[in-house]
Amino acid sequence: MKKIILTGDRPTGNLHLGHYVGSLKNRVKLQEEGNYDEMYVFIADTQALTDNFNNPKKVRDSVLEVVLDYLSVGLNPDKVTIFIQSLIPALPELTMYYMNLVTLARLERNPTVKGEIKQKEFGSSIPVGFLNYPISQTADITAFDATIVPVGEDQLPMLEQAREIVRSFNNIYGSTLVEPKALIPDNESCRRLPGTDGKAKMSKSLGNCIYLKDDSETVKKKVMSMYTDPNHLRVEDPGNTKDNPVFIYLEALSTEEHFKKYLSEYNNLDELKAHYEKGGLGDVKVKKFLYDVIEDILTPIREKRKYYEENIDLVYDILKEGSEKANRKANSTLKRVKKAMLIDYFD
Ligand code: ATP
Ligand code: MG
């Protein structure tokens, strides 16, 4: 079986450190290892519109921002097909057919969707398109015969839903679709990076993010005002590192190299944690180190972004070519699906 990698992001704002550790880093790693047949990364504008339908400008503007984020972290258009979801008409058509295979109760049971409905305060007025997005995500995945989907933990229920639809489709219409697998980071802190405010997830919609395009001053301000252990009042107090976003970020981002470079009195994170837990280590010192670590990661990303911002025509060409290529692939899957469903009338 071919190894086909696919993931997407919603154009609802710029990409942030949560995306970086949860999914982008894995994508770049897979790309560099080169051990795959095809790789696709797409901008999920159709999905973003399901809960931002009344704010088309935000979605439109974010499309370019997200591509710039992709290119600046090192996704390489020579190795990866980058495309825009709404330019692939086979996707809504596949969604339509898959909708027959899922019950309303099943959609309502999805824990991520449940949480989002609450967060977005839809109450009982849930747009049908929004509730339907896990099905449309199955169309995205299966249209490309994806076998591996590198995502953060919040996407696991979506992958489960996709696998169910694939099994159900193949049962009824014969073996046609490929079952995908999620790839989540090994490092637990990367699977769902908390917000700078200590909330469970750094998320564009919650405004608690450090963005990949933030400048040094902004990063400094955000890091220095980050939520830490509220009971760690004086330097000599013992501190909690477990539910402390500053330490969770260090867990997700720092390496021993960073310690050598910026905080050589400690060999590694375990030593720093032990000191904090014992007492006698102030938040400011830890935050300054975290700031250095983030700057070390973001500096080359900002430089690459600048290059593409200055060559924006190149970015549009990448999107146009990628979308054409993706269209060919999705159309060939759609053909297979219609044949299996006996609606291939004139072929
Ligand atoms: P929105 O608030 O609009 O849903 P988002 O910040 O949740 O935006 P998405 O575009 O929904 O971002 O997510 C894109 C990918 O990034 C998904 O694979 C998701 O699992 C991953 N991801 C998003 N936020 C985090 C996070 N805080 N930690 C780890 N992975 C994340
Ligand atoms: Mg999301």
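- The name that an unreviewed UniProt entry assigns to the protein chain is Tryptophan--tRNA ligase, with the source organism given as Candidatus Onthousia faecipullorum.
- The protein chain has a UniProt comment under Sequence similarities (unreviewed entry) that states "Belongs to the class-I aminoacyl-tRNA synthetase family."
- What UniProt states about the protein chain under its Catalytic activity (unreviewed entry) heading is, verbatim, "tRNA(Trp) + L-tryptophan + ATP = L-tryptophyl-tRNA(Trp) + AMP + diphosphate + H(+)".

**Focus on the overall build of the protein chain**
Next up, step 1: A count of helical and extended segments in the protein chain gives 16 helices and five strands.
Next up, step 2: Taking 2.2 N^0.38 as the reference for a compact globule, 347 residues should give roughly 20 Å; the C-alpha atoms of the protein chain span a radius of gyration of 22 Å, in line with that estimate.
Next up, step 3: For the protein chain, the spread of C-alpha atoms along the principal axes amounts to about 75 × 45 × 40 Å.
Next up, step 4: Considering only intrachain contacts with a sequence separation of at least 6, the fraction spanning at least 24 residues in the protein chain is 75%.
Next up, step 5: By element, 51% of the accessible surface of the protein chain is carried by carbon and sulfur atoms, the whole surface being about 16,800 Å².
Next up, step 6: Of the charged side chains in the protein chain, 48 are positive and 52 negative, and the gap between their average positions amounts to 2 Å.

**Details of helix α6 (residues 111-119)**
Next up, step 1: Thr-112, Val-113, Glu-116 and Ile-117 are the residues of α6 that are buried. With its buried residues spanning 135° around the axis, α6 presents them on a single face. Structural note: α6 exposes Pro-111 and Lys-118 on the side pointing more than 90 degrees away from its buried face.
Next up, step 2: Turning to α6, the residues buried within the fold contact α5 (104-109), α7 (128-131), α8 (133-143) and α9 (156-173).
Next up, step 3: A positive backbone phi angle near 55° is found at Glu-121, which sits one or two residues after α6.

**Notes on the pattern of salt bridges**
Side chains that differ in sign of charge can pair as their charged atoms come close.
Next up, step 1: Under the definition given, this model contains 29 salt bridges.
Next up, step 2: Among the salt bridges present, the one from Asp-9 reaches Arg-27, with a minimum N-O distance of 3.0 Å. On the criterion of sequence distance, the pair formed by Asp-9 in strand β1 (residues 4-9) and Arg-27 in helix α1 (residues 17-33) is long-range, its members being 18 residues apart.
Next up, step 3: Accessibility expressed as a relative area gives 7% for Asp-9, which makes it buried.
Next up, step 4: With a relative accessible area of 0%, Arg-27 lands in the buried category.
Next up, step 5: One salt bridge in this structure joins Lys-285 and Glu-265, with 2.8 Å as the shortest N-O distance. Of the two residues, Lys-285 is situated in helix α15 (residues 283-310) and Glu-265 in the loop between α13 (256-262) and α14 (269-278); the sequence distance between them amounts to 20 residues.
Next up, step 6: On the accessibility criterion, Lys-285 (34% relative accessible area) is partly exposed.

**Examining the layout of surface pockets**
Next up, step 1: Each pocket or cavity is described by its volume, and for the largest pocket that value is around 1,000 Å³.
Next up, step 2: Going through the elements one at a time, β1, α1, α2 (45-52), α6, α8, β4 (148-150) and α10 (188-191) are the ones with two or more residues in the lining of the largest pocket.
Next up, step 3: Here the residues of the lining of the largest pocket are counted per class, giving 16 nonpolar, 17 polar and 14 charged.
Next up, step 4: Estimates place the volume of the second largest pocket at around 320 Å³.
Next up, step 5: Forming the boundary of the second largest pocket are 15 residues, of which Lys-25, Asn-26, Lys-29, Pro-185 and Asp-186 lie nearest the centre.
Next up, step 6: Element by element, the count of residues in the lining of the second largest pocket is highest for α1, at six residues.
Next up, step 7: Class assignment of the residues belonging to the lining of the second largest pocket gives a composition of eight nonpolar, two polar and five charged.

**Overview of α8**
Next up, step 1: With eleven of its eleven residues buried, α8 lies for the most part within the structure.
Next up, step 2: Of all the residues in α8, the buried ones are Tyr-133, Pro-134, Ile-135, Ser-136, Gln-137, Thr-138, Ala-139, Asp-140, Ile-141, Thr-142 and Ala-143.
Next up, step 3: Looking at the residues trailing α8, positive phi occurs at Asp-145, about 55°.

Rules behind the numbers
Residues numbered from 1 in each chain as written. Chains lettered and ligands numbered in written order. Predicted model: local features only at pLDDT ≥ 70, side-chain atom pairs only at ≥ 80, totals over all residues. Heavy atoms only, no water. UniProt positions renumbered as here; feature names shortened; annotations may be inferred. Helix = DSSP H or I, 4+ residues; strand = E, 2+ residues; numbered from the N terminus. Rg over C-alpha atoms; globule rule 2.2 N^0.38 Å. Contact = heavy atoms within 4.5 Å. Areas by Shrake-Rupley, 256 points an atom, 1.4 Å probe, with all protein chains shown as cover. Lys, Arg positive; Asp, Glu negative; His and termini not counted. Charge placed at Lys NZ, Arg CZ, Asp CG, Glu CD. Buried < 20%, exposed > 50% of the residue type's maximum accessible area, 1.4 Å probe, protein only. Arc of directions from axis to C-beta. Salt bridge = Lys/Arg side-chain N within 4 Å of Asp/Glu carboxyl O. 1 Å grid on protein atoms, 1.4 Å probe; cavity = no way out; pocket = protein on both sides within 12 Å on 5 of 7 lines; lining within 4 Å. Points joined across faces, edges and corners; volume = space filled by probe spheres on them. Nonpolar A, V, L, I, M, F, W, Y, C, P; charged D, E, K, R; others polar.

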